[in-house]
Amino acid sequence: MRPETRAVHPRRPEPTGSTPITTPLYQTSTWIFDDPDVLADAFHTPTGPFLYSRMTNPTVRVLETAVADLEGGAAGLATSSGMGAINLVLQASLRGGDHVVAQRRLYGGAAATLRDLGERFGVEVDYLDQATPEALRDALRPGRTKVVYLETISNPTGYVADLPALTAAARAAGAVTVVDNTFATPLLCRPIAHGADIVVHSLTKYLAGHHDVVGGIAVFAETARYESVWHHGVEFGVAADPFSAWLTVRSLQTLALRMERHCANAAVVAARLAAHPAVERVHYPGLAAHPTHEIARRLLTGGYGGTFAFDLAGGRSAGTAVSKRLRLVELAPSLGGTGTTLMHPASTSHRQLDEAQLAAVGIGEGTIRISVGIEHVEDVWSDLEQALA
Ligand SMILES: *Cc1c(COP(=O)(O)O)cnc(C)c1O
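Procedures and definitions
- Residues numbered from 1 in each chain as written.
- Predicted model: local features only at pLDDT ≥ 70, side-chain atom pairs only at ≥ 80, totals over all residues.
- Heavy atoms only, no water.
- UniProt positions renumbered as here; feature names shortened; annotations may be inferred.
- Contact = heavy atoms within 4.5 Å.
- Buried < 20%, exposed > 50% of the residue type's maximum accessible area, 1.4 Å probe, protein only.
- Helix = DSSP H or I, 4+ residues; strand = E, 2+ residues; numbered from the N terminus.
- Arc of directions from axis to C-beta.
- Near = heavy atom within 4 Å.
- Polar contact = N/O pair within 3.5 Å; in protein donor to acceptor, adjacent residues only side chain to side chain.
- Areas by Shrake-Rupley, 256 points an atom, 1.4 Å probe, with all protein chains shown as cover.
- Domains from an automatic or database assignment.
- Buried area = accessible area lost by both parts, 1.4 Å probe.
- Salt bridge = Lys/Arg side-chain N within 4 Å of Asp/Glu carboxyl O.
- Pairing = 2+ DSSP bridges.
- Axes fitted to C-alpha atoms, helices over the stretch in contact; angles between N-to-C directions.

The protein chain goes by homocysteine desulfhydrase in an unreviewed UniProt entry, where it is assigned to Catenuloplanes atrovinosus. According to UniProt, the comment filed for the protein chain under the heading Sequence similarities (unreviewed entry) is "Belongs to the trans-sulfuration enzymes family." Per UniProt, the comment on the protein chain under Cofactor (unreviewed entry) is "pyridoxal 5'-phosphate".

Caption draft 1: Focus on the UniProt feature "modified residue: N6-(pyridoxal phosphate)lysine" (unreviewed entry) in the protein chain. Cross-referencing UniProt, the feature "modified residue: N6-(pyridoxal phosphate)lysine" (unreviewed entry) maps to Lys205 in the present numbering. Residues within four places of Lys205 in sequence aside, it is in contact with Thr182, Ser334, Leu335 and Gly336.

Caption draft 2: Up close: helix α13 (residues 315–325). Of all the residues in α13, the buried ones are Gly315, Ala318, Gly319, Val322 and Ser323. For α13, the buried positions fall inside an angular range of 130° around the axis, keeping them on one side. Structural note: α13 exposes Ser317 and Lys324 on the side pointing more than 90 degrees away from its buried face. For α13, the secondary structure elements touched by its buried residues are β9 (307–312), β10 (330–331), β11 (341–343), β12 (367–371) and α15 (377–388).

Caption draft 3: Region of interest: the site of the ligand. Around the ligand sit 14 residues, and of these Met83, Asp180, Ser202, Thr204 and Lys205 come closest. One of the backbone nitrogen or oxygen atoms of Gly82 is found 2.9 Å away from an oxygen atom of the ligand. Asn155 is positioned with one of its side-chain polar atoms (N or O) 3.1 Å from an oxygen atom of the ligand. Coverage of the ligand by the protein amounts to 90% of the 380 Å² it exposes when considered alone.

Caption draft 4: Layout of the domain arrangement of the protein chain. According to the domain assignment, the protein chain consists of domain 1 (36–252) and domain 2 (255–388). Here the C-alpha centre of domain 2 lies 25 Å away from the C-alpha centre of domain 1. Across the contact, 39 residues belong to domain 1 and 43 residues belong to domain 2. Across the domain 1 to domain 2 interface the summed buried area is about 3100 Å²; carbon plus sulfur atoms make up 64%. Linking domain 1 with domain 2 are one salt bridge.

Caption draft 5: How the structure looks around the sheet that holds strand β1 (residues 75–79). Sheet architecture is open: seven strands sit in the order β1-β7-β6-β5-β4-β2-β3, paired in mixed fashion. The open sheet has two free edges, formed respectively by β1 and β3 (124–128), since each of these has just one partner strand. With direction set aside, neighbouring strand axes in the sheet form an average angle of 20°. Here strand β2 (residues 99–103) pairs with β3 via five bridges, running parallel. When the bridges of β3 are listed, Val101 appears paired with Asp126. Contacts between helix α5 (residues 108–121) and the sheet are confined to β2, β3 and β4 (145–151), with β3 contributing the most and set at about 145° to the helix.

Pasting the structure below:
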């Protein structure tokens, strides 16, 4: 062979039988086959040989298996973003004319997706202002309600869903419960143990946790549902990229340590904000005054999360002034990373909602969402204190 050809076809190392200590990064789009029949068969199942990275990839599979294991699920399906996981699960579970019940307090992107499914595809959506089992039972339409959509800890006002009661009501009506567990992570809550059928995550937040990955995952209680959504995902084309999966697998090793510190720091910051004269209200489920504190105490283990909202007495202008004075804490529209970040939901994560819709989910012009990082808590508090002064 000539150099041009040899450059394209480097020799692969012979398999030695030894195993690397870390997860290898399979940065490959496709696999090579000796047998055309084996290749043809591989298209039909996620459990056969790897063949194309929109369908399956070994690095991505390590991530999927690890998160499914943490969540106590049968299988995971990683996606290119949290919104990719949410859209994939909803579109694979619904068709025109179906009915969905969702809690009103939702991540803005999920709310926008449900609105579009309603407006463009004829899916009917009812929202629960109070996500109580009684309200859910009233909203369910047995036979027509296909999905009940919840967040373990709602973004950003920290409402904790009474998962055992809500999933039992959904199941009795034949609906599948989908729970966004992004804020809690499987360290604080494992929704499948409380009856959820599908758990979704924005891996972008705590699971990847270092502000450097955008990713998502859906975890399924049952293998059959995973396989059916996997087929849809191959068409949908929202597969996770191997390098993002690799970074996330690396991050999972420190998830427990990071969550412990996020939760401990957030508890301190929430209590001090609640006592601060510039702050009107703190929406942190770990505080006794939060409307869902009792549910949070019952369902969450090891802490109340690292992200929550608070309302500044001075409204939006106070929020703008505070964010301009910050020196350590960064103004950034994400959460769950190692560094403390804050932002203004009404103009960012929940921009899709109009004023009335914002009021219905407890977000005002003076509401700030803070994601407390893993720095020394006194450095975080000093910065907030000087900015609030
Ligand atoms: C950020 C977020 C999402 C969307 O995730 P992306 O990775 O940004 O697509 C979904 N749900 C919750 C609760 C989030 O905070």
